[in-house]
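Spelled out from the first residue to the last, the chains are:
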Amino acid sequence: MVQKAEKIWFDGKLVPWDEANVHVLTHTLHYGCGVFEGIRAYHCTDGRSAVYRLREHMQRLIDSAHILGMKIPFSLDELVQAVVDTLVANKMKAGYIRPLVFIGDGVMGVHPGANPIRLAIAAWPWGAYLGDDALLKGIRVKTSSFCRLHVNTMMTKAKACGNYVNSVLAKTEVVADGYDEALMLDTQGFVSEASGENIFVIKNEVIKTTPLTSVLPGITRDSIMTLARELGYEVVEQLFTRDELYVADEAFFSGTAAEITPIREVDRRTIGAGQAGPVTQLLQKEYFRIVKGENPDYDAWLHEYSI
Ligand code: PPE
């Protein structure tokens, strides 16, 4: 169960958690045309609170809406402020933030007509997405029987609600089979991404991730690429196959919720030594130092706020 907070930001106002409700004829509820974000605020080691890469997340929200032909009735600055207001109203020094843009009720039928574009921002405490153990020991992954979206079927660069039907299908299938996460291939058969994370593989100290063709442009992915290059690693964006993943030295998933989660097994093949490898561990350590405000070189990625 989501741990309830006090307020939800809804169409420009902070309303009590239990009153942030919609009509059952909400257009997005029927047809899936909505967009969302997932953002984390961290309680820094020195006592500050900071939202991680807030502007980039809200810009991606605007971009996602633009891709779907929806116009958000708020500016980037207003959206950034709205997230901070939500955290402050809930006295949250850390947490997960979920902005959602959706088409409200009005007309029915696929064409949304002039139905209102609505925006809600909720926040709640959320620990390690795939479990505390996952961050330390790594997870067991299975290739899904469902392909990731074809670029002309759904808009893969938009964090669109409807895209997640594909994610839910993949995730429920592999969880039922006893695995932690689903790896999805694109419609050509190359590795794409997981149900809610991007993927990285490491071989001979070279770090590889999929190009942005069919995957969400992850902000964690971008952070890791920047950080890894700064640490002196070669980082390449290149298509790769599942058998290349099977023989990688190390592999991990990246995402706001999942942070950096090592992969210890794929399709019953052990990856590397079957535990978080040294490069993954270093990236994890440095990533957590950044989000917790311990690396001043990356302070520009932290949007501080006070309660
Ligand atoms: N791919 C997908 C499909 C995806 O959903 C996410 C985030 C990513 C890649 C990584 O993006 P970024 O967070 O910008 O690094 N998934 C969000 C939702 C997870 C959920 O279960 O809900 C998240 O991590 O917040």
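Preceding block: the structure.
Residues numbered from 1 in each chain as written. Predicted model: local features only at pLDDT ≥ 70, side-chain atom pairs only at ≥ 80, totals over all residues. Heavy atoms only, no water.

Peer 1: Just checking my understanding: could you explain the overall build of the protein chain for this structure?
Peer 2: When helices and strands are tallied, the protein chain shows 8 helices and 17 strands. Taking 307 residues into account, the globule formula puts the C-alpha radius of gyration at 19 Å, and the protein chain, at 19 Å, falls close to it. Expressed as lengths along the three principal axes of its C-alpha atoms, the size of the protein chain is roughly 55 × 45 × 30 Å. Within the protein chain, the proportion of its 307 residues that are buried is 52%. Pairs at least 24 apart in sequence give 70% of the contacts found in the protein chain among residues at least 6 apart. Of the roughly 13,800 Å² that the protein chain leaves accessible, carbon and sulfur atoms contribute 54%. (Helix = DSSP H or I, 4+ residues; strand = E, 2+ residues; numbered from the N terminus. Rg over C-alpha atoms; globule rule 2.2 N^0.38 Å. Buried < 20%, exposed > 50% of the residue type's maximum accessible area, 1.4 Å probe, protein only. Contact = heavy atoms within 4.5 Å. Areas by Shrake-Rupley, 256 points an atom, 1.4 Å probe, with all protein chains shown as cover.)

Peer 1: Whenever I open this one, the site of the ligand confuses me. Can you help?
Peer 2: If you check the shell around the ligand, you find 21 residues, and the closest are Y96, Y129, Y164, T220 and T256. One of the side-chain nitrogen or oxygen atoms of E193 is found 2.6 Å away from a nitrogen atom of the ligand. For the ligand, an oxygen atom lies 2.6 Å from a polar atom in the side chain of T256. Contact with the protein chains removes 93% of the 550 Å² of surface that the ligand exposes when unbound. Counting only elements with at least two residues in the shell around the ligand, the list comes to strand 6 (95–103), helix 6 (219–230) and strand 14 (250–255). When grouped by side-chain class, the residues that make up the shell around the ligand number 6 nonpolar, 9 polar and 6 charged. (Near = heavy atom within 4 Å. Polar contact = N/O pair within 3.5 Å; in protein donor to acceptor, adjacent residues only side chain to side chain. Nonpolar A, V, L, I, M, F, W, Y, C, P; charged D, E, K, R; others polar.)

Peer 1: Any chance you could explain the pairing of strand 9 (residues 181–185) here in plain terms?
Peer 2: Along any regular strand, the residues point their side chains to alternate faces of the sheet. Most of strand 9 sits out of view: 5 of its 5 residues are buried. Residues E181, L183 and L185 line one face of strand 9 and the alternating positions A182 and M184 line the opposite face, and both faces are buried. Two elements, strand 8 (residues 139–143) and strand 9, share 3 bridges in a ladder whose sense is parallel. Across the sheet, the residue bridging to K142 is A182, located in strand 9. A crossover connection joins strand 8 to the parallel strand 9 through helix 5 (residues 164–176); in handedness this β-α-β unit is right-handed. In terms of strand pairing, strand 9 meets strand 10 (residues 191–194) through 3 bridges, oriented antiparallel. Within strand 10, the residue paired with L183 across the bridge is A194. Taken together, strand 9 and the strand that follows it, strand 10, pair antiparallel across an intervening segment of 5 residues, in which G189 is found at a positive phi of about 105°. (Pairing = 2+ DSSP bridges. Right-handed = clockwise from strand over helix to strand, strands pointing away.)

Peer 1: Please clarify how the packing of helix 2 (residues 54–67) against helix 3 (residues 76–89) should be interpreted in this entry.
Peer 2: Think of two packed helices as two axes; the pair is described by the angle between the axes and how far apart they sit. Between helix 2 and helix 3, the least distance of the axes is 9 Å, while the angle of their chain directions is 120°. Viewed along their axes, helix 2 and helix 3 adopt a mutual orientation that is oblique. Our pair here, helix 2 against helix 3, has a crossing hand that is right-handed. Contacts between helix 2 and helix 3 pair L54, R55, M58, Q59 and I62 from the former with L76, D77, L79, V80, V83 and V84 from the latter. (Axes fitted to C-alpha atoms, helices over the stretch in contact; angles between N-to-C directions. Parallel < 35°, antiparallel > 145°, perpendicular 65-115°, else oblique. Left-handed = near helix turned anticlockwise from the far one by under 90°.)

Peer 1: Would you mind going over the packing of aromatic side chains with me for this structure?
Peer 2: For any pair of aromatic rings, the description rests on two quantities: the centre-to-centre distance and the angle between the ring planes. Under the counting rule described, the total for this entry stands at 12 aromatic pairs. When the ring of F200 is compared with that of F252, the centres are 4.9 Å apart and the planes differ by 15°; the resulting orientation is stacked. In this pair, F200 sits in strand 11 (residues 198–203) while F252 sits in strand 14, placing the two residues 52 residues apart along the sequence. Ring geometry for Y298 against W301: centres 4.9 Å apart, planes inclined by 45°, an arrangement best described as tilted. (Phe/Tyr/Trp six-rings, centres within 6.5 Å; stacked < 30°, edge-to-face > 60°.)

Peer 1: Before we go on, may I ask you to explain the side chain of N166 in this structure?
Peer 2: With respect to the secondary-structure elements, N166 resides in helix 5. Using a relative accessible area of 9% as the deciding quantity, one classes N166 as buried. Polar side-chain contacts of N166 include one of 2.7 Å to the side chain of R148. Sequence-distant contacts of N166, defined by excluding residues within four places in its chain, comprise F146, C147, R148, L149 and M184.

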